[in-house]
Amino acid sequence: MPSEKKTTKNPKQAAIALTGNGFKGRALLEWLESHPAFPKVLYLSDKTPHITLKKTHYWRIDLTETLADVKIAEILKKEKIETLVHTALPITPPHNLAKAHELVSVGSMYLVNAAAEAKVKKLILASTADVYGAFANNPNYLTEEHPARGGLKSRFLKDKIDAENRFLNYAKKNPGACVTILRPATILGPSIQSYKTQYLKRWVVPTVWGYDPLVQFIHEEDLLTAFKKVILEDHP
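Summarised in this report is the structure supplied together with it.

Rules and cut-offs
Every chain begins its residue count from 1, and numbering advances along the sequence as written. Totals for whole chains, interfaces and linings use all residues, but because this is a predicted model, local features are given only for residues with pLDDT of at least 70 and pairs of side-chain atoms are given and counted only at 80 or more. As a rule here, side-chain values come from all non-hydrogen atoms in the structure, and water together with hydrogens is ignored. A side-chain nitrogen of Lys or Arg and a carboxyl oxygen of Asp or Glu constitute a salt bridge if their distance falls within 4 Å. Numbered from the N terminus, helices here are DSSP runs of H or I no shorter than four residues, and strands are runs of E no shorter than two. Think of it in three bands: with a 1.4 Å probe and only protein chains considered, a residue is buried below 20% of the maximum accessible area for its type, exposed above 50%, and partly exposed in between. Only when DSSP finds a minimum of two bridges between them are two strands counted as paired. Axis angles are defined between N-to-C directions and span 0 to 180 degrees, where every axis is a line fitted to C-alpha atoms and, for a helix, only to the segment in contact. Any pair of residues with heavy atoms lying within 4.5 Å of one another is described as a contacting pair. Pairs were defined over the aromatic rings of Phe, Tyr and Trp, the Trp ring being its six-membered one, requiring ring centres within 6.5 Å. Orientation was assigned from the angle between planes: stacked under 30 degrees, edge-to-face over 60, tilted for the rest. Lining residues are those with an atom within 4 Å of a point, where the points come from a 1 Å grid over the protein atoms alone and group into cavities, where a 1.4 Å probe fits but cannot get out, or pockets, open sets with protein on both sides within 12 Å along at least five of seven lines. Grid points are joined across faces, edges and corners, and a volume is the space filled by probe spheres set on the points. Each residue is assigned to one class: nonpolar for Ala, Val, Leu, Ile, Met, Phe, Trp, Tyr, Cys and Pro, charged for Asp, Glu, Lys and Arg, and polar for all the others, Gly among them. The cut-offs work like this: below 35 degrees is roughly parallel, past 145 is roughly antiparallel, 65 to 115 is roughly perpendicular, and the gaps in between are oblique. What makes a crossing left-handed is the near helix being turned counterclockwise from the far one by less than a right angle; a clockwise turn instead makes it right-handed. We define the nonpolar core as a collection of buried residues of types Ala, Val, Leu, Ile, Met, Phe, Trp, Tyr and Cys that are connected through side-chain atoms lying within 4.5 Å of one another.

### Some remarks on the pattern of salt bridges
Should the charged atoms of two oppositely charged side chains come close, the side chains can pair.
Okay, so step 1: As enumerated under the stated definition, the model contains eight salt bridges in all.
Okay, so step 2: We note a salt bridge from Lys122 to Asp234, for which the minimum N-O separation is 3.0 Å. One end of the pair, Lys122, is in strand S6 (residues 122-126); the other, Asp234, is in strand S10 (residues 233-234), and 112 residues separate them in sequence.
Okay, so step 3: For Lys122, a relative accessible area of 4% corresponds to the buried category.
Okay, so step 4: For Asp234, a relative accessible area of 16% translates into the label buried.

### Overview of the sheet that holds strand S4 (residues 56-60)
Okay, so step 1: Spatially, S4-S3-S2-S5-S6-S7 is the arrangement adopted by the six strands of the open sheet, whose pairing is parallel. For this open sheet the edge positions go to S4 and strand S7 (178-182), each flanked by a neighbour on one side alone. Averaged over all pairs of adjacent strands, the angle between their axes in this sheet comes to 15°, without regard to strand direction.
Okay, so step 2: Where strand S3 (residues 41-45) and S4 come together, five bridges link them in parallel fashion. Paired with Ser45 across the strands is Arg60, a residue of S4.
Okay, so step 3: Most of the contacts of helix H2 (residues 68-78) go to S3, to which it runs at about 170°, and overall it touches strand S2 (16-19), S3 and S4.
Okay, so step 4: Contacting S2, strand S5 (83-86), S6 and S7, helix H6 (residues 220-232) crosses the sheet at an angle of about 165° to S6.

### Section: the packing of aromatic side chains
Okay, so step 1: The tally for this structure, following the rule as stated, stands at two aromatic pairs.
Okay, so step 2: Ring geometry for Trp31 versus Phe38: centroids 5.5 Å apart, planes at 65°, classification edge-to-face.
Okay, so step 3: Trp31 gets classed as buried once you look at its relative accessible area, which sits at 13%.
Okay, so step 4: The class for Phe38 is buried, based on a relative accessible area of 1%.

### Thoughts on the layout of surface pockets
Okay, so step 1: Each pocket or cavity is described by its volume, and for the second largest pocket that value is around 710 Å³.
Okay, so step 2: Asn21, Gly22, Ala88, Pro90 and Leu103 are the residues nearest the centre of the second largest pocket, which is lined by 30 residues in total.
Okay, so step 3: For the lining of the second largest pocket, the elements supplying multiple residues, two or more each, are helix H1 (23-34), S3 and helix H3 (97-118).
Okay, so step 4: When residues in the lining of the second largest pocket are grouped by element, the largest group, four residues, is from H1.
Okay, so step 5: The class makeup of the residues in the lining of the second largest pocket is 12 nonpolar, 12 polar and six charged.

### Some points on the packing of H1 against H6
Okay, so step 1: At a minimum axis separation of 11 Å, H1 and H6 run at an interaxial angle of 60°. Overall, the two elements H1 and H6 adopt an arrangement that is oblique. Handedness of the crossing formed by H1 with H6: right-handed. Along its contact with H1, which presents Phe23, Lys24, Ala27, Leu28 and Trp31, the element H6 presents Glu220, Leu223, Leu224, Phe227, Lys228, Ile231 and Leu232.
Okay, so step 2: Each residue belonging to the contact of H1 with H6 can be placed in one class, and the counts come to nine nonpolar, no polar and three charged.

### Digging into the nonpolar core
Okay, so step 1: With 28 residues, the main nonpolar core has Ala17, Ile72, Leu76, Val120, Leu123 and Tyr170 as its most contacted residues.
Okay, so step 2: When contributions to this core are tallied by element, the ones reaching two or more residues are S3, H2, H3, S6 and helix H4 (155-173).
Okay, so step 3: Looking at this core, the element that brings in the most residues is H3, giving six residues.
Okay, so step 4: In this structure, Ala17 is in contact with Leu42, Leu44, Leu76, Ile81, Thr83, Leu84 and Val85, ignoring residues within four places of it in sequence.
Okay, so step 5: One finds Phe23, Leu32, Phe227 and Val230 within the second-largest nonpolar core, a separate group that totals 22 residues.

In C-alpha cells, the structure reads:
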C-alpha cells in the first residue's frame, strides 16, 4: 500500500535522465523518446540503445567503474537534469554475486552521490517487493511499514535494500527533493524474462504438497503505468 503523502502534478516537465537496459529501462526510454513533454532526455548505460534516438542524448556509463560518480555528476550538472530514474537493478540474481554487488549497491551509491552533487530535485528507484523476504511470519498483506528483511537470507536482496537506503537517505538530507521508490511484485508479461517467468513457463510447475501460499503478480503494462505516473507527478 502506498504511503498517503502530498501529491503534485508537473504540467511542464524538466530535463530527465534514465538508467538501465532491462525491460523497464528500454520501455521507459521508448516512452520518453516519443513524449512531447520531455524536451531533454539523457540515457545513461553501458549498453548501446536498442532504438534509434532522435532527441535523447546517450552517454556510455558503467556504474561499476571507479569514480563513475564524478563523471555522472558532471553530466547531470552540464545538462541541468532535475529528474533521475534508476532502473539498472537486475530482476534475476546473476551467477556472479560480486559483480551484482558492484552494480546494485556500489553503482546506486555512485548515482546518488552524483545526484547530490548536481542537486537533482527528483529521484525514482525501481526496486522490488522481494525485499520484504519470504518468511512464514509475514502478514498476508504487506504494507510499507513492514520491515524489508529479504537481505537476511539473500545477498542479492541485501544489495537492493542498500540501494533503497541510499535513496531514502537522499530524501532525508534533501527535504526539498521528491524521492520515490517503487516495489513491484513479480512482473509478468510478454517482454519479461526472469527466473520466475521461466519457472511458470514449464509444462509442469512443481509446488510443495499441502501449501497454498498467497502470491501476487503485476502485468508489465500496469507497472509501466505506475512509472509514468510518478514521473509525470510528484509522489514522495
